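# Geometric and topological summary
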Amino acid sequence: MAETLTSAAAVVEAAAAPPSGLRRGSLSMVEVLSQSIANMAPTAAMALNPLLVFLNAGNGTWLSTAIAIVLMLCVGYCAAQFAGRMNSAGSFYVWVTRGLGPGSGHAAGWGLQLGYIVTGMATIAGFGIFGGDFLDRMGLPGSQPATRAILFAIDFVVAVTLAIADMKLSARTSLVLESISVALIILLCVAIWVARGGVVDTNQVTMRGVLPGGVVVGVVLAIFSFVGFESAGSLGMEARNPQRAVGRSILLSCLLVGLFYVLVSYSEVFGFQGTNPGFAKSSAPLPDLAGLLHLGFLAPIFDIGIAASGFACTLACVNAASRIAYAMAHDGMGVDALKRTHQSRNTPHTAILVVAVPMLVVPAALVLKGANPVDVLGWTGTLSTFGFMVAYGLVALAAPLFLRRFGGLTPIAILVGAIGAVSMAIVFYASWLPQTIPGGIFPAPTWPYNLLPYVFFGWMAAGLVWYLVVRLRSPEVAAAIGTRFDTHGA
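Residues numbered from 1 in each chain as written. Predicted model: local features only at pLDDT ≥ 70, side-chain atom pairs only at ≥ 80, totals over all residues. Heavy atoms only, no water.

So, on to the overall build of the chain. Along its length, the chain carries 18 helices and 0 strands. The C-alpha atoms of the chain give a radius of gyration of 22 Å, which matches the 23 Å a tight globule of 490 residues would have. Its C-alpha atoms give the chain principal-axis dimensions of about 80 × 50 × 40 Å. Looking at the chain residue by residue over its 490 residues, the buried ones come to 57%. With the model as given, the accessible surface of the chain reaches about 19,000 Å², and the carbon-plus-sulfur share is 69%. Where the 24 positive side-chain charges of the chain centre and where its 19 negative ones centre are 6 Å apart. (Helix = DSSP H or I, 4+ residues; strand = E, 2+ residues; numbered from the N terminus. Rg over C-alpha atoms; globule rule 2.2 N^0.38 Å. Buried < 20%, exposed > 50% of the residue type's maximum accessible area, 1.4 Å probe, protein only. Areas by Shrake-Rupley, 256 points an atom, 1.4 Å probe, with all protein chains shown as cover. Lys, Arg positive; Asp, Glu negative; His and termini not counted. Charge placed at Lys NZ, Arg CZ, Asp CG, Glu CD.)

This paragraph deals with the nonpolar core. The biggest cluster of nonpolar side chains holds 145 residues, and the ones touching the most others in it are Phe92, Trp95, Ile223, Met389 and Tyr392. Among the elements that take part in this core, helix α13 (residues 298-330) stands out by supplying 16 residues, more than any other. Those residues within four positions of Tyr392 in sequence are excluded, and the remaining contacts are Met72, Val75, Phe92, Phe226, Val227, Gly228, Phe229, Glu230 and Met424. (Core = buried A, V, L, I, M, F, W, Y, C linked by side-chain atoms within 4.5 Å. Contact = heavy atoms within 4.5 Å.)

Attention now moves to the environment of Ala83. Relative to the assigned elements, Ala83 resides in helix α4 (residues 61-83). With relative accessibility at 1%, the residue Ala83 sits in the buried group. Placed 163 residues apart in sequence, Ala83 and Val246 show a C-alpha to C-alpha distance of 6.0 Å. Each residue touching Ala83, except ones within four places of it in the same chain, is listed here: Trp95, Pro242, Gln243, Val246 and Gly247.

Here the focus is helix α8 (residues 167-196). The end-to-end C-alpha distance of α8 is 43 Å, a good match for the 44 Å that 30 residues give at a rise of 1.5 Å each. Downstream of α8 by one or two residues, Gly197 has phi in the positive range, about 75°. (Expected span 1.5 Å × (residues − 1).)

What follows concerns the environment of Ser384. Assignment of secondary structure puts Ser384 in helix α15 (residues 373-405). In this structure the C-alpha to C-alpha distance between Ser384 and Phe456, which are 72 residues apart in sequence, comes to 8.5 Å. Contacts of Ser384, omitting those with residues within four sequence positions, involve Gly115, Val118 and Thr119. A polar contact of 3.3 Å, which involves the side chain of Ser384, links it to the side chain of Thr119. (Polar contact = N/O pair within 3.5 Å; in protein donor to acceptor, adjacent residues only side chain to side chain.)

A few words on unusual backbone geometry. A cis geometry characterises the amide bond from Asn276 onward to Pro277, with omega recorded as 15°. Among the structural elements, Pro277 can be located in the loop between α11 (242-272) and α12 (285-292). The omega angle of the peptide bond from Trp447 to Pro448 is 0°, so this bond is cis rather than trans. Topologically, Pro448 is positioned in the loop between α16 (411-432) and α17 (452-473). We note that Met207 has phi near 60°; this positive angle belongs to a residue other than glycine. For Met207, the location among the structural elements is in the loop between α9 (202-205) and α10 (212-223).

To continue, consider the pattern of salt bridges. Within the structure shown, the criterion is met by 6 salt bridges. With its nearest N and O atoms 2.7 Å apart, the salt bridge here joins Glu31 to Arg172. Remark: Arg172 occurs in helix α8 and Glu31 occurs in helix α2 (residues 29-40); sequence separation between them is 141 residues. Residues Asp303 and Arg137 are paired through a salt bridge, measuring 2.7 Å at the closest nitrogen-oxygen approach. With Asp303 in helix α13 and Arg137 in helix α6 (residues 102-137), this residue pair connects regions lying 166 residues apart in the sequence. Looking at Asp303, the relative accessible area reads 1%, which means it is buried. Within the structure, one salt-bridge network assembled from shared partners comprises Glu31, Lys168 and Arg172. (Salt bridge = Lys/Arg side-chain N within 4 Å of Asp/Glu carboxyl O.)

A word on the packing of α2 against α13. At their nearest, the axes of α2 and α13 sit 7 Å apart, and the two run at 120° to each other. The orientation of α2 relative to α13 falls into the category oblique. In the crossing of α2 with α13, the sense of the turn from one axis to the other is left-handed. Judged by residue contacts, Gln35, Ala38 and Asn39 of α2 engage Ala312, Cys313, Ala316, Cys317, Asn319 and Ala320 from α13. Taken together, the residues that form the contact of α2 with α13 break down as 6 nonpolar, 3 polar and no charged. (Axes fitted to C-alpha atoms, helices over the stretch in contact; angles between N-to-C directions. Parallel < 35°, antiparallel > 145°, perpendicular 65-115°, else oblique. Left-handed = near helix turned anticlockwise from the far one by under 90°. Nonpolar A, V, L, I, M, F, W, Y, C, P; charged D, E, K, R; others polar.)

Before going further, it helps to spend a moment on α13. Look at α13: 48 Å from first C-alpha to last across 33 residues, which is about the 48 Å you get at 1.5 Å a residue. In terms of burial, α13 is largely enclosed, as 31 of its 33 residues are buried.

On to the packing of aromatic side chains. To describe a pair of aromatic rings, one takes the distance between the centres and the angle between the planes. As enumerated under the stated definition, the model contains 24 aromatic pairs in all. Each ring, one from Trp110 and one from Trp466, has its centre 5.3 Å from the other, and the planes form 70°; the classification is edge-to-face. One end of the pair, Trp110, is in helix α6; the other, Trp466, is in helix α17, and 356 residues separate them in sequence. Owing to a relative accessible area of 13%, Trp110 belongs among the buried residues under this scheme. The exposure class assigned to Trp466 is partly exposed, which follows from its relative accessible area of 28%. (Phe/Tyr/Trp six-rings, centres within 6.5 Å; stacked < 30°, edge-to-face > 60°.)

Summarising the element assignment, Leu403 is placed in helix α15. Once the C-alpha coordinates of Leu403 and Val335 are considered, the two residues, 68 residues apart in sequence, prove to be 33 Å apart. Those residues in contact with Leu403 that sit more than four places away from it in its chain are Gln81, Arg85, Gly408, Leu409 and Ala413.

Mapping Glu178 onto the fold places it in helix α8. At 17 Å, Arg172 is the nearest oppositely charged side chain to Glu178, a buried residue that forms no salt bridge. In contact with Glu178, not counting residues within four places along its chain, are Ala38, Ala41, Pro42, Thr43, Ser309 and Ala312.

Everything listed here is a matter of geometry and, on its own, says nothing about what the molecule does.
Here you go:
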């Protein structure tokens with residue numbers, strides 16, 4: 001008994017001295033914001049997702065996207081309650097622990113790790129797709145599997161190099177790439193309005209032909225464009241004035257990028273109105289719209305912009321996943337090597353390499369074995385969302401309980417937390433067993449998408465077993481999850 005108390009005391013003492021190594025207070029508000037924006041990859045998201053929403057919501061595409069903004073802001077509000085009261089490199093892993101306990105915190109962190117790593121696979125695949133399309137337009141063999149694999153490797157090597165070199169450089173690179181890409185898309189939207197002689201599309205304003213069920217399905221699909229908006233939370237130890245910067249970055253990224261999504265979705269539907277074969281038959285909406293507007297020269301530029309957005313997202317995923325791995329290792333939930341930071345760069349270089357390698361290996365292996373890279377992007381992108389949904393739902397549940405302990409609970413916090421948790425549960429279920437939802441508005445997933453939820457369950461089961469083993473062998477370690485970092489006000 002005395003030995004247990006001594007061990008527990010050692011854990012508490014360690015918690016009072018958070019791990020050093022990361023460069024504290026080095027990132028400005030804009031640089032922290034850029035992490036979340038890059039992880040959302042707005043340009044890459046707008047390459048295809050508005051089409052998927054349109055196939056269900058039709059002229060209500062903009063409304064589905066607007067509703068998705070509200071729901072994700074609810075999750076962001078819950079995350080901001082933690083971010084404003086503590087600093088952490090562990091993001092939801094630490095925050096959920098403070099509201100629901102170490103087991104739930106570990107589940108949130110483990111789910112986010114799947115989300116970030118598999119999203120990285122998807123963005124590397126996307127870089128190869130649009131980079132290859134650009135090479136094809138230039139008369140080069142961009143669609144060959146070997147060429148795709150080389151493009152995957154370029155994305156991987158440059159992202160890892162930047163991530164290890166300097167977090168500030170990573171953030172600024174991501175922001176510049178996304179800013180240029182977003183500016184190009186906004187330019188296309190303006191061209192659509194000019195060609196249409198105004199900005200009002202009566203079909204969309206009056207919701208012509210829109211069915212409520214289609215809007216609901218559209219909301220579920222639109223939410224997938226927001227995953228990653230919380231990743232500024234992984235920079236709590238490196239941000240300048242983190243209690244202010246992190247929470248605001250999470251909320252601002254959701255709002256600003258969400259409004260961009262509404263703008264682009266509305267404009268794309270407007271641009272395709274009355275055309276043949278129309279939006280529903282487009283396989284590359286942005287380049288196709290450029291062609292319809294006699295701006296075909298923009299097509300290769302869009303390829304570059306979308307590939308750059310994918311690269312920025314890869315970089316953001318590497319940064320976020322490595323910070324969570326770093327935090328978990330310091331909590332005794334990972335190997336000691338993951339606690340190392342680069343001697344001169346102050347970045348978690350070992351964790352960066354560990355989380356980044358599967359981002360390259362999986363898509364490269366699948367494509368070299370003959371898989372279509374578009375399919376690879378779809379599989380990995382879908383799988384990643386399950387990890388995010390679990391973490392989002394848990395943080396929405398945790399926030400009211402966290403606030404109650406410190407006298408900060410309000411009716412708004414309860415309402416927003418309930419909306420966030422329930423909406424994430426619905427989205428998760430609609431992605432897992434949609435055919436069981438009454439009304440038949442959600443079609444049953446086809447192979448291999450019907451298997452992906454069970455891959456996710458396998459991942460989560462492995463994380464649960466890991467946590468239970470640690471709890472059995474070293475209960476003081478399991479009890480101290482999420483406490484080895486600054487927790488001001490908590």
